[in-house]
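Survey of secondary and tertiary structure
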Amino acid sequence: MTLSFDDSRRLTGPNLFSDRPGAVLQAAVEDVPIDRVVSVWERHARRLLDALGWADSETFSKPFEGGAHLGFTAPYDALYAATEVNEAAWQAAAAALTDADAPDDAATVETLRAAIAAERAPGLLALRSAAAERGLAFLPDDEFVTVGMGTGSRTWPADALPHPSAVDWGALHDVPVGLVTGTNGKSTTVRLVAAIANAAGRTAGQCSTDFVRVGDEVVERGDWSGPGGARAVLRDPRVEVAVLETARGGLLRRGLALDRATAAVVTNVAEDHLGDYGITSLDGLIEAKLIVRRAVERDGLLLLNADDAGLVRWAASYGGALCWFSLDADDPTLAAHRRAGGTVCFVDGGEIVYASDGERTALLPVSDVPLTLGGAARYNVSNALAAVALAFALDLSADAVRTGLRSFRSDAHDNPGRGNVFSIGGARILVDFAHNQHGAAAVAEAARALPAERRLVLLSQPGDRTDREIQRFARAAWGVAPDHIIIAEIPTYLRGRAPGEIPALIDDELHRHGATEEHITHVADPVEGVRLALDWMAPGDLLLLFVLSHRNEVFALLHEAQAHAG
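Residues numbered from 1 in each chain as written. Predicted model: local features only at pLDDT ≥ 70, side-chain atom pairs only at ≥ 80, totals over all residues. Heavy atoms only, no water.

**With respect to the side chain of D541**
The cut-off we apply is this: The helix count covers DSSP runs of H or I at least four residues long, the strand count covers runs of E at least two residues long, and both are numbered beginning at the N terminus. Between N or O atoms, a polar contact is any pair within 3.5 Å; within protein, one atom must be a potential hydrogen donor and the other a potential acceptor, and residues adjacent in sequence are included only when both atoms are from side chains. The contact definition used throughout considers only heavy atoms, calling two residues in contact when any of these lie within 4.5 Å.
Considering the arrangement of structural elements, one finds D541 in the loop between α17 (526–536) and β24 (542–546). Within the structure, the side chain of D541 is placed 2.6 Å from the side chain of R454, a separation counted as a polar contact. At 2.7 Å, the side chain of D541 forms a polar contact with the backbone nitrogen of A538. With residues up to four places along the chain from it excluded, the contact list for D541 reads G426, A427, R428, A452, E453, R454 and W536.

What follows is the structure, given as structure tokens:
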């Protein structure tokens, strides 16, 4: 019998289980029926919650293969203590299930009461309540507390909060906010919408896996696709429109950074990172991504990809306002929604079209959008549709949409690591950060559609992928029909794998699909691989470089080669 917990964490915003904050514990269970474990835990949790005066806390549970999530909602100013309450309930339940000695209830309750009392922050609750009464965003963390958003925000140190009566409420307001989630295309969609907002003369704040950017200034570099990135954008007093990449990890660890947004996009959902946080199926991933609905389902707009069968299936039970986007004007889901007067965005006769309430707006040809590589990059056509729909939801104009899409480039400035195109010595080089099978297949489809004398692919994978995921990525790359393949190790991304293990998996998979020794070269890291690719190429060739690490060095090499070639 195994009864343990892998993780115990706060849920600081709307989350997988509830609209309310709380605490959740991820339990590992073997040789005990899950429903029995849940029942015993809930009994002990309820007993502790009642003893602590948290009778209005709602318990929740969600079984998964090999365990269950167990948690409850909790007061906003006692979330650290709530994790301790949950762990105490688990220990009592585990003791009951294994016939071990039960913990001392009276001592446990007294310890928990002391933890709750130490964390209490009545000033925080008073300010939060006053903000809610005025319909304003409330964005706290351990160091700062913000009321309002962007140009209408005010931020104070968490240990020096004003009394609500001392706040100039008339100076505070929120700004339009778009959330962007999905498996692939999140960063590109965020950056496209920000470019449209900037074209409209509005200062856009954006966060993504690469940076926080306000207008054209990069404020912070790194992965800012979680709640911390959202707060950084929304606290900046220059921001007039916010577009926030909202990644799966942050959604599952903490929930949403805010409980109200103008609109949210789900670009697509595919099998990726299965097993993390108890998510073991595609349906589970869809449910995790759709946490964003909790911010928009009452008075906002949820934008979904009609070309994604899982999202179409999920939406059948959704009661909020929807916008569908699709590469196909005749897609049944989109067409039915459009006939009913709903909001849609699609491609018709090579042109991007937006329609709502029966009014149709033809925007521009797909071929006028540089990001789409003349329409060959169909995945970026889909991202452009999502961006157009979100831009309209954020009340940006059709003219701004046209200008933003035409001006946005596939380069290391506008969209680093996503479909970046270089022309060097008569050859074309495509650099992409695609990190899973689905992203690689989409980029490979675009690369295969581009004319080329010969094609080369550079690929690698991190060690925290399963063997199956690595093999699928290799198969997707093989879809380019390459004349040569370079397999790179990523020494800093081994993540528990032995050196050489990942390249060997890729090599074996490629051989199974027809590659020969003459097709393949192994290198020590991606930078060496890029050097080798540049030496190999000739005018008319196409290089597809899947670069997951060393991107600064890779871009430096390519810019140097470009300058040398003239």
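There's more to say after this.
**Things to note about the pattern of salt bridges**
Rule in force here: Note on definitions: salt bridges are taken to be side-chain nitrogens of Lys or Arg within 4 Å of carboxyl oxygens of Asp or Glu. Working definition: with a 1.4 Å probe on protein chains only, accessible area under 20% of the residue-type maximum means buried, over 50% means exposed, and in between means partly exposed.
A full pass over the atoms with the stated rule returns 29 salt bridges. Of the charged contacts in the structure, one is a salt bridge between D50 and R46, with a shortest N-O distance of 3.5 Å. Residue D50 and its partner R46 are located together in helix α1 (residues 34–51), separated by 4 residues, close to a single helical turn. Note that D105 is salt-bridged to R47, the shortest N-O span being 2.8 Å. Within this pair, whereas D105 is found in helix α3 (residues 105–119), its partner R47 is found in helix α1, the two being separated by 58 residues in sequence. In this structure R47 comes out as partly exposed when scored by relative accessible area, which is 30%. In the salt-bridge network here, residues are joined through shared partners; they are R191, D210, R418 and R551.

**Quick look at unusual backbone geometry**
You will see that L373, though not glycine, has its phi angle at about 50°, which is positive. Tracing the backbone through its elements, the reader meets L373 in the loop between β18 (359–365) and α12 (378–393). Even without a glycine there, the phi angle at R495 is positive, about 50°. Tracing the chain through its elements places R495 in the loop between β22 (484–488) and α16 (501–512).

**Thoughts on the packing of α1 against α3**
We count it as follows: Every axis corresponds to a line fitted to the C-alpha atoms, with the helix fit spanning only the stretch in contact, and the corresponding angles, defined between N-to-C directions, vary from 0 to 180 degrees. Here is the rule for angles: anything less than 35 degrees is roughly parallel, anything more than 145 is roughly antiparallel, 65 through 115 is roughly perpendicular, and the remaining ranges are oblique. Handedness of a crossing is defined here by the sense of rotation of the near helix relative to the far one, left-handed for an anticlockwise turn of less than a right angle and right-handed for a clockwise turn. The residue classification treats Ala, Val, Leu, Ile, Met, Phe, Trp, Tyr, Cys and Pro as nonpolar and Asp, Glu, Lys and Arg as charged. All others, Gly included, are polar.
At their nearest, the axes of α1 and α3 sit 10 Å apart, and the two run at 60° to each other. When the interaxial angle is binned, α1 and α3 end up oblique. By crossing handedness, the relation of α1 to α3 is classed as right-handed. Every residue of α3 that contacts α1 at R47, L48 and A51 is listed here: D105, T108, V109, L112 and R113. In terms of residue class, the contact of α1 with α3 is made up of 4 nonpolar, 1 polar and 3 charged.

**A look at the nonpolar core**
In plain terms, the rule: Here the nonpolar core consists of buried residues drawn from Ala, Val, Leu, Ile, Met, Phe, Trp, Tyr and Cys, with membership extended through side-chain atoms lying within 4.5 Å.
One finds V177, L179, L244, L258, L302 and L304 to be the most contacted residues of the largest nonpolar core, which totals 54 residues. With residues up to four places along the chain from it excluded, the contact list for V177 reads M149, L234, A242, L244, L258, A261, T262, A263 and L394. Core analysis: the next-biggest nonpolar cluster, separate from the first, contains 43 residues, V180, A195, L303 and A389 among them.

**Focus on the state of the cysteines**
Selection criterion: In this description, a disulfide is simply a cysteine sulfur pair whose atoms lie within 2.5 Å.
Tallied over the entire structure, the rule returns 0 disulfides. The cysteine C323 is free of any disulfide, with C345 supplying the nearest cysteine sulfur at 6.7 Å.

So, to be careful, I would describe these as geometric facts and stop short of saying anything about function.
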